[in-house]
Amino acid sequence: MGLDTPMKKPHDRLAEMLDQDMAEVNALIRQRMASKHAPRIPEVTAHLVDAGGKRLRPLLTLASARLCGYEGPFHVHLAATVEFIHTATLLHDDVVDESKQRRGRPTANLLWDNKSSVLVGDYLFARAFQLMVEPGNLRVLNILSNAAATIAEGEVLQLTAAQDLKTTEEIYLQVVRGKTAALFSAATEVGGVIADVDEGLIQALYTYGDALGIAFQIADDLLDYQGDSKTTGKNVGDDFRERKLTLPLIKAIAAASKDERAFWKRTVEKGDQRDGDLDHALDLLNRHGALAATRDDALEWAETAKIAMRALPASDLREVLIELADFVVARLY
């Protein structure tokens, strides 16, 4: 059977299984990103939406609703909501990070300007809130509006935590929940809520999305130090050069001697980086087992996601979601 071809990645198989639903989501996104009075809004939005991307978050909403036997129309609205929130945060992130490229194309803030990116992001947030109201379900509204607040909170926390050597694993996890996991868990949880299933299943969907998002981000942060730049699209050590305190560094700093701590203070806190510093940083990460420990954490979160998903009714869809949890950490082997 075509869907079971091992060559296909789990998110591609998910997209095939849900192609009808996804076509409706895409049509709704196009309809709602239109603006009668400000043509720049659809121009900027289309630049980002048309750039491709896996559309993983809306797929998670559609999959969760279908897994729970939902037959109504509103999973489409919620999937579009999730994608609008995601797109709005990307527009804002690129301004904050002064990014020049996303998905291999120039960012909106580079093609237009920062003001356009921020204001169009605001417009998409407003559209997201209009969409999430339409199912008439207060709990759905609560979950998605909380996710939007958590994302913003995580971004602000990252500003203060990124170069502070006192940043702990607990704070890192809070940032990751904001950056990535909050929208993953909201995307899966609302699928169960709209289907009005048993509370245990809704909790399992939440746990799956949360753990999948955390595993995904930890894997991403680890690959910055040991990935292949052809596959990751990033140069090894970009996070170090940008002085971002991600999990591998946090673990190495926690185990650092006085001299090593002075090195981290100079390179990360003060930003005084010299030739050979990246090699020394990589040596310290390996010496303290920080990369191996980070990999173990990512695998553990992926396992948590798989266990949670097994609480859902058995189906092809469930198996692909379980495989997805394996896939996000498969790049670490």
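The structure this text deals with has already been given above.
Residues numbered from 1 in each chain as written. Predicted model: local features only at pLDDT ≥ 70, side-chain atom pairs only at ≥ 80, totals over all residues. Heavy atoms only, no water.

## Overview of the overall build of the protein chain
For clarity, the cut-off: Strands are runs of DSSP state E lasting at least 2 residues, helices are runs of H or I lasting at least 4, and numbering of each runs from the N terminus. Each residue is assigned to one of three classes by its accessible area relative to the maximum for its type, calculated with a 1.4 Å probe on protein chains only: buried under 20%, partly exposed between the two thresholds, exposed over 50%. The contact criterion used is simple: two residues touch if any of their non-hydrogen atoms lie within 4.5 Å. Computed by Shrake-Rupley with a 1.4 Å probe, the accessible areas treat only the displayed protein chains as cover when residues are assessed.
Tallying secondary structure elements over the protein chain gives 17 helices and 2 strands in all. A burial count over the protein chain gives 51% of its 333 residues as buried. A fraction of 74% describes how many contacts in the protein chain between residues 6 or more apart in sequence connect residues 24 or more apart. A total of about 15,300 Å² of accessible surface is found on the protein chain, and carbon and sulfur atoms cover 52% of it.

## Some thoughts on the pattern of salt bridges
Worth spelling out the cut-off: Criterion for a salt bridge: a side-chain nitrogen of Lys or Arg within 4 Å of a carboxyl oxygen of Asp or Glu.
The final tally for this structure, using the stated rule, is 22 salt bridges. Across the salt bridge formed by Asp210 and Arg177, the nearest N and O atoms sit 2.8 Å from each other. You can see Asp210 sitting in helix 10 (residues 199-226) and its partner Arg177 sitting in helix 9 (residues 169-194), a full 33 residues away along the chain. With relative accessibility at 29%, the residue Arg177 sits in the partly exposed group. Across the pair Lys251 and Asp297 runs a salt bridge whose closest N-O atoms are separated by 3.1 Å. Taken together, the positions of Lys251 in helix 13 (residues 247-254) and Asp297 in helix 16 (residues 290-309) put the pair 46 residues apart, joining distant regions of the chain.

## A short note on the packing of helix 4 (residues 56-67) against helix 17 (residues 316-330)
Note the following rule: In this description, a line fitted to the C-alpha atoms serves as the axis of each element, helices being fitted only across the stretch in contact, and the angle between N-to-C directions of two axes falls anywhere from 0 to 180 degrees. Crossing handedness is defined as follows: a turn of the near helix away from the far one that is anticlockwise and smaller than a right angle gives a left-handed crossing, while the clockwise case is right-handed. Polar here means any residue outside two lists: the nonpolar Ala, Val, Leu, Ile, Met, Phe, Trp, Tyr, Cys and Pro, and the charged Asp, Glu, Lys and Arg; Gly therefore counts as polar.
Closest axis-to-axis distance for the helix 4/helix 17 pair is 10 Å, and the angle between their directions is 145 degrees. Where helix 4 crosses over helix 17, the handedness of that crossing is left-handed. In contact with Leu56, Leu60, Ala63, Arg66 and Leu67 of helix 4, helix 17 contributes Leu317, Arg318, Leu321 and Leu324. Tallied by class, the residues present in the contact of helix 4 with helix 17 amount to 7 nonpolar, no polar and 2 charged.

## Some details on unusual backbone geometry
Phi is positive for Asp196, which is not a glycine, with a value near 55 degrees. Among the structural elements, Asp196 can be located in the loop between helix 9 and helix 10. In this structure, Arg243 is a non-glycine residue whose phi angle is positive, near 60 degrees. Note that Arg243 resides in the loop between helix 12 (238-241) and helix 13. Among the residues examined, Arg243 registers a relative accessible area of 22% and is labelled partly exposed.

Interpretation note: all reported values are geometric properties and have no functional meaning in isolation.
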